[in-house]
Amino acid sequence: MLQTLFLLGVERRLASLLFIVLTTLVAALGLPYLAVDTGFGRMIADADPGKQAWLQTARTFGSDNRTIVYVRDETLWTPDKLAALERLHHALEALPFVERVDGVFNLRSIRGVAGGIEARPIMLEAPRDQAGADQAREDALYNPLVVRNLVSPDGRAVALVVSVRENDTGDFDRAAYRDMEAVVERARPAFTEVFQIGPPRINAELTASLYRDLMVLAPTSAALLVLTILFFFRSFTAALIPLLTAGLSILWTLGMMGLAGIPISILLAMLPSLVVVIGSTEDVHMVAGYYRGLAEAQAGKVSGARAMRSAATRIMVRHLGVPTILTVLTTVVGFSSNAFSPLGLIRDFAIASAFAVLANGLITVLLVPMLLAWFGPRVARGLPGAMPGGLPGAAVRTFGALRHRYSLVVLVVTAMMCGGFVWQASKLYVTNDPMTYFRGDRPLVHDTERVQRDLSGVKVFYITLRSRSPKAFLEPAQLEKLVEIQAFIEKQGLFDRSLSLADHLALVNREFNGGKAEAWAVPATRNLVAQYLLFFHRSDLSPYVSHDFSQANIVVRHNVSDSRRLNRHIAELREAVRHFAGPDLQTTVTGENLMINAAADTLIGGQIEALGIVLAVIFLMMSLMFTSLKGGLIALVPSVIPIILMLGIMGLLGIPLNPGTAMVAVIAIGIAIDGTIHLFSRYNALCRTTSNYDEAVLETVKDEALPVVATSLALALGFGVLLLSDFTVVAQFGALAAATMLFSVFANLLITPLVMSRIRLVGLYDILAMSMQREVLEKSPLFHDMTNYQIRKAILISELREVPTGELLVEQGTAGRSMYLVLSGELDVVRRAGDGSERVLARLGPGQVFGEIGYIRATQRTADVRAVTPVTALCFDHQRMAKDLRFFPHIVAKLNFNISRILGERL
Amino acid sequence: MKLSRHGLLLAVLQLALCAGLPQVARAAGAATPEAPAVKRDARALMEASVRRHQHDPYVYEEQALILIDAAGNRSVRKARFFLRVEADRRMRMLLVFDDPEEVRGVALLAERGAARMAKSAVYLPALAGGMVTGSADTRGSHFLGTDFAIEDLVVEATEDWNYRIEGTREIGRVPHWVVRAEPRDADAAATTGHGARRHWLRKDTLFIVRTDYLDRRGRLVKRQSWRDLRRIDADSWRADMVLMEDFREQHKTLVKVERRVLSQDYVPAALFEPAWLQARRHLLPVSPDAATAAAPAGGARN
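Residues numbered from 1 in each chain as written. Chains lettered and ligands numbered in written order. Predicted model: local features only at pLDDT ≥ 70, side-chain atom pairs only at ≥ 80, totals over all residues. Heavy atoms only, no water.

**Considerations on the overall build of chain B**
Along the backbone of chain B there are six helices and 13 strands. Each of the 302 residues in chain B was classed as buried or not, and the buried ones make up 60%. Surface accessibility of chain B: about 12100 Å² in total, with carbon and sulfur atoms responsible for 50%. (Helix = DSSP H or I, 4+ residues; strand = E, 2+ residues; numbered from the N terminus. Buried < 20%, exposed > 50% of the residue type's maximum accessible area, 1.4 Å probe, protein only. Areas by Shrake-Rupley, 256 points an atom, 1.4 Å probe, with all protein chains shown as cover.)

**Quick notes on the overall build of chain A**
On a plain count of helices and strands, chain A comes out with 30 helices and 18 strands. Here the C-alpha atoms of chain A give a radius of gyration of 37 Å, more than 25% beyond the 29 Å that 2.2 N^0.38 yields for 907 residues. When its C-alpha atoms are laid out on the principal axes, chain A stretches across 145 × 55 × 45 Å. Put simply, 80% of the contacts in chain A that link residues at least 6 apart link residues at least 24 apart. With an accessible surface of roughly 35000 Å², chain A has 60% of that area assigned to carbon and sulfur atoms. Averaging the locations of the 84 positively and 79 negatively charged side chains of chain A gives two centres separated by 8 Å. (Rg over C-alpha atoms; globule rule 2.2 N^0.38 Å. Contact = heavy atoms within 4.5 Å. Lys, Arg positive; Asp, Glu negative; His and termini not counted. Charge placed at Lys NZ, Arg CZ, Asp CG, Glu CD.)

**Section: the packing of helix α8 (residues 199–233) of chain A against helix α23 (residues 693–720) of chain A**
Any two packed helices are characterised by the angle at which their axes cross and by the distance between the axes. All names here are of chain A. Packing of α8 against α23 leaves a shortest axis separation of 9 Å and a crossing angle of 160 degrees. Comparing their axes, α23 and α8 come out roughly antiparallel. Judged by the twist between their axes, the crossing of α8 over α23 is right-handed. When α8 is examined against α23, the residues S221, L224, L225, T228, F232 and F233 are found in contact with a partner set consisting of L706, V709, A710, L713, A714, L717 and G718. (Axes fitted to C-alpha atoms, helices over the stretch in contact; angles between N-to-C directions. Parallel < 35°, antiparallel > 145°, perpendicular 65-115°, else oblique. Left-handed = near helix turned anticlockwise from the far one by under 90°.)

**Focus on helix α20 (residues 592–625) of chain A**
Between its first and last C-alpha atoms α20 of chain A spans 47 Å; for 34 residues at 1.5 Å apiece the expected length is 50 Å, and the two agree. Remark: T627 of chain A follows α20 of chain A within two positions and exhibits a positive phi of approximately 45 degrees. (Expected span 1.5 Å × (residues − 1).)

**A short note on the nonpolar core**
Within the largest apolar cluster, 232 residues are counted, with the highest numbers of intra-cluster contacts made by F233, F719 and F783 of chain A. Ranked by the residues each element gives to this core, the list is headed by helix α12 (residues 344–375) of chain A, at 17 residues. Y462, L482 and V560 of chain A together with L153 of chain B belong to the second largest nonpolar core, which has 101 residues in total. (Core = buried A, V, L, I, M, F, W, Y, C linked by side-chain atoms within 4.5 Å.)

**Considering the packing of aromatic side chains**
Residues and elements named next belong to chain A. Tallied over the entire structure, the rule returns 14 aromatic pairs over all chains. On the basis of an interplanar angle of 85 degrees and a centroid distance of 6.4 Å, the ring pair of F19 and W252 is categorised as edge-to-face. Here F19 is found in helix α3 (residues 13–30), whereas its partner W252 is found in helix α9 (residues 236–260), with 233 residues between them in sequence. Under the relative-accessibility criterion, W252 is labelled buried at 5%. Here the aromatic rings of F512 and Y532 are separated by 5.0 Å at their centres, their planes lie at 20 degrees, and the arrangement is stacked. Of this pair, F512 sits in helix α16 (residues 501–512) while Y532 sits in helix α17 (residues 526–533); the two residues are 20 residues apart in sequence, bridging distant segments of the chain. When sorted by exposure, F512 lands in the same class as Y532, which is buried. The cationic tip of R111 hangs over the ring face of Y142; the distance from NZ or CZ to the ring centre is 3.9 Å. (Phe/Tyr/Trp six-rings, centres within 6.5 Å; stacked < 30°, edge-to-face > 60°. Lys NZ or Arg CZ within 6 Å of the ring centre and 35° of its normal.)

**Quick look at the pattern of salt bridges**
Residue and element names in this part refer to chain A. Inspection of every chain in the model, using the stated rule, returns 51 salt bridges over all chains. Where R111 meets D139, a salt bridge forms, and the shortest distance between an N and an O atom there is 2.6 Å. On the criterion of sequence distance, the pair formed by R111 in strand β3 (residues 108–113) and D139 in helix α6 (residues 130–142) is long-range, its members being 28 residues apart. Given the relative accessible area of 15%, R111 is considered buried. E205 serves as the salt-bridge partner of R442, at 2.8 Å between the closest nitrogen and oxygen. Highlighted residues: R442 in the loop between α13 (390–425) and α14 (443–454) and E205 in helix α8, separated in sequence by 237 residues. You can call R442 buried: its relative accessible area is 14%. One network of salt bridges, with partners in common, ties together R72, E74, D154, R156, E193, R450 and D454. (Salt bridge = Lys/Arg side-chain N within 4 Å of Asp/Glu carboxyl O.)

**Let's talk about unusual backbone geometry**
All names here are of chain B. In this chain, D99 is followed by P100 through a cis amide linkage whose omega measures 5 degrees. Take P100: it is sitting in the loop between β3 (91–99) and β4 (107–112). Despite not being glycine, L206 shows a phi value in the positive range, around 65 degrees. Here L206 lies in the loop between β9 (197–202) and β10 (208–214). Look at L206 and you get buried, because its relative accessible area is 1%. Look at Q250: it is not a glycine, yet its phi comes out positive at around 55 degrees.

**Quick word on the sheet that holds strand β8 (residues 497–499) of chain A**
Residues and elements named next belong to chain A. Read across the sheet, four strands follow the order β8-β9-β7-β10 without closing on themselves; strand pairing throughout is antiparallel. Unpaired on one side and paired on the other, β8 and β10 (586–590) mark the two borders of the sheet. Geometrically, the sheet is characterised by an average inter-axis angle of 15 degrees between neighbouring strands, direction not taken into account. Note that β8 and strand β9 (residues 551–558) share three bridges and pair antiparallel. Bridge pairing links L499 to V555 in β9. The sheet contacts of α20 involve β7 (459–466), β9 and β10, and relative to β7 the element is tilted by about 105 degrees. (Pairing = 2+ DSSP bridges.)

**A few points about helix α2 (residues 42–53) of chain B**
One turn of an α-helix holds 3.6 residues; hence residues three or four places apart share an orientation. Residues and elements named next belong to chain B. Here α2 spans 17 Å end to end across twelve residues, near enough to the 16 Å set by a 1.5 Å rise per residue. With nine of twelve residues buried, α2 lies mostly within the body of the structure. Those residues of α2 lying buried are A42, A44, L45, M46, A48, S49, V50, R52 and H53. A distance of 3.3 Å separates the backbone nitrogen of R43 from a side-chain oxygen at the start of α2, and that oxygen is part of D41. (Polar contact = N/O pair within 3.5 Å; in protein donor to acceptor, adjacent residues only side chain to side chain.)

**Observations regarding the interface of chain A and chain B**
The interface is formed by 34 residues belonging to chain A together with 36 residues belonging to chain B. Buried area between chain A and chain B, both sides added, is near 2900 Å², and the carbon and sulfur share of it is 55%. It is Q531, L534 and H537 of chain A that lose the most area in chain A upon contact with chain B, and together they represent 23% of the buried surface on that side. Taken together, the links from chain A to chain B amount to five salt bridges. The partner of R100 of chain A in a salt bridge is E249 of chain B, and the shortest N-O contact between them spans 2.7 Å. In this assembly, chain A and chain B are joined by eleven residue pairs in polar contact (both at pLDDT 80 or more). Those elements that provide at least two residues to the side of chain A that touches chain B are α5 (79–93), β2 (98–102), β4 (116–121), α17 and α18 (538–541) of chain A. Of the residues that constitute the side of chain A that touches chain B, the class distribution is 14 nonpolar, nine polar and eleven charged. (Buried area = accessible area lost by both parts, 1.4 Å probe. Nonpolar A, V, L, I, M, F, W, Y, C, P; charged D, E, K, R; others polar.)

**Quick notes on the environment of A47 of chain A**
Residues and elements named next belong to chain A. Inspection of the secondary structure puts A47 in the loop between α3 and α4 (50–61). Overall, A47 belongs to the exposed group, its relative accessible area being 66%. The sequence separation of A47 and P342 amounts to 295 residues, and the corresponding C-alpha distance is 6.7 Å.

**Regarding the packing of α3 of chain A against α12 of chain A**
Residues and elements named next belong to chain A. Packing of α3 against α12 leaves a shortest axis separation of 11 Å and a crossing angle of 135 degrees. Comparing the axis directions of α3 and α12 gives the class oblique. Considering the relative orientation of α3 and α12, their crossing is left-handed. Two secondary-structure elements touch here, α3 through R13, S16, L17, F19 and I20 and α12 through L362, L366, L367, M370 and W374. Taken together, the residues that form the contact of α3 with α12 break down as eight nonpolar, one polar and one charged.

Pasting the structure below:
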């Protein structure tokens, strides 16, 4: 059935092409619906319990989504500069999407003056003289609520905080950034430094980088892939086939995304590149298999270009059908393991990439055999079983020598190395901060640090205290709780600053008490609190207290990027807030950036879960496909080793776990197992023709070295291309995935053969697909009381012999430990006398067994057994069966029991 | 009668909170002839408006101040308002909060002389000492948490402004003059936190039903509207409801006049002395006898 599927493209060429063309057209219909989304919403876990609280808090106290326009100048507080600043303030206000701008021009100063109090704006307009400018500077720096909030402590930098109207339009952020940037650009000549920082800029830069990645990564990956394949196979056809399958897969995937409403995110921007790279692996294996087929066809004296191609394609399909399906499935499992991630960013990536791999698998199955049978190379490279040359040959020789001479040392060193890397991996930290997605040398990162240094971090979160009683936060006792919480925040030393209603009241209290520092305190009575509050406009207080004074809010600014550190401090803060608030107040600590960072924990949990699922699925799949639990377990070893090495390197180099790097493990396992599957399949096939398993391992490595090294190198180079990405997360993903691919060469060519020689595999598909003469076998005494499945498996662990007419299978006088079961044809049992005469003792036909005495006990054969027609027979070698007793004890035991029965009956 | 500059200035001193601009009301929707005695000259229109509706020197009002935020949340304060124009042409006003309990007794005292400068003081009962003087420069500041600045409470001095008729517009089918006012000079400009203003005067009565406050770049930042107009006498009208909208802060203050008395008995001169406040006498009804005879909102003269 599998062969029929693989040969569809060859035998139903037109139908296959029509299917591909129609599907491509349907996919193309989805392309216009393809959208780009770099919003933060997809970085927050869907089920985050804080989401609702955050929305409620944002509704009550205003959104934490604001842009800061930072202005710095050595002579900022001069009439000219302030006039320019005023123009900038008003120009920003004039933008249609701007809700309000907070800055020194609408900042209210409350200040005690001789015998009275002044409550007025610091500046209504730019002062006309230097005295006015100096007074404004003095007023601004006098107010502790302003310093490090809107004005730097040295007065040389100020912030204009721009609140933007809610807008969900896809392109809004980019348009807003562009318009604000145009205003900022006009102001630039007036100041030493002026720039904007906020969601519009971050989103605009994310989008710009995303488009750049799309333009750069996929073409570069494709070019590298072509060069790598040309280098190893010296065939343009071999190089162009992966490009064609990848191109179609990308088109199908993008079309599906458009139709399914999955937008292109920063992670999905690398999808085309990934498809080019990952999709090529099967193509490379198939091309290598095709070359092997060509060599076999040449050896089989097939002539004519068309016949050669056809024969080579069919041989390739026969050898690669099962491993191709398996590798596609394992890669799909690897990618789709995150399909249920609570993070939209990762979930979308998982779904789209799994679809892409699946689509690529289908296209490969339909198209590659068709193209090879049609246009494939005609000249074989090397002979079957010949040692490969170049890098693959060197790898085979080196790893072969190590395996042969130092197998124990290799295993011990590998185990120790893994131990060391596991220890390094324990140093891993996690981050989901969008700012860390950018490279450190980006102006955006520099600007963010600048704002934090001069003012405070640009990230904001809220601590909200809720009472059931209206006016609760007119009570000094409740306000003191805010003070205690803020003191705790100060003690934590992680966050830049916090502001609350208590600060505003303390300021007025200080000013009504002659500006004495010791009067910086919450007023003593409820009435005084209420009366002081009359000096503020409601909009001054709206971020800090609800209209009915039943809820109070502490606004905290910070610039923490290490999610785990932030989450730890936030957990500690939540505990403290609950403690200080007491049982009569409900508390919430919330903010968009907190939810994004909290998703980092989800990220780790999700990846551990995904890794577990992938390993379990691959274990089950391999155990099932090779009908061996031990085989399933051993198959994981060469996949797990590169992952351990990768995690260790992350710990060693301080690369964090983030939405990009966290996925490397599961994706890499899905890809690295491909090599193992090909090795196992080849080993399985070779084991059927030899009883020397070490020899089979060596042959397997020789056969598979070229595709394993070529695909791993191509994958490493392809993933390495992601280092060119504008996003740190993508670059880190690429670097780690590339390293993992290289580790997988070491694992597959050194460790896999070491562990593989200790197992004997039988492919499930071989068992199910085996054509056997049912009547013959069911009647055979060798298979007495065995199920159909057991019979098939017993056949597969035996050795198949095809003997032409006249040839001896057993020779009288020789020592042989093999027993045979005739599948087809006839043989004579002939005893030769000393004088050379022969006597036919018996004629054997299908289902009959011979050689069982030699199998049981080492003794000389007493007669010849000669084929009188072409014969197919199964050979059960004693030594081999002794080995297989370890691997298939149940079946071998049954066979031995049946052999005893046969002997008993003959005696 | 022609008013002197100072007389005119004093005459136009009016609190928006008490709907101080006398207006001429008419039935909504009915076509009304233009006020006959006014030339179609912007300054003449403004001066006529002031002249018709500014002649009450003693005003007492009981008000509800309703503060409305962007989300529509409301908080209500009750207050008493006193206005007195002295013979020496000084205008003095006092606003006393009665409710909610926490701010009961808080008082704002403001005085404006013939010159442009104003002085103010605040009395906070919960504060030791109680009385605190306010800033002389109140431009752009808000008035005890409302959307009014003290300068908004004072009707502009027409001699400080240049006027230009921008045209006529209808509000609810009632034709209005739209008059643009701009500070006459830099000194005049320095007295205001805003730039130009745009007044909407009913053509029939010269009642200003709306004033738009523009910033220095001509953008609308605040709007004061007078509603529930009530006739005081043949030519004079007052509004029982005043709405101030601050578009930048997205906040509104609605003043509802629940009771109004235009009587000297309700605004004795002693009320405006700091000592009166410090003795907490402002917390007591000024004239219980008069209070019982006082008219409901709309105004009554004794």
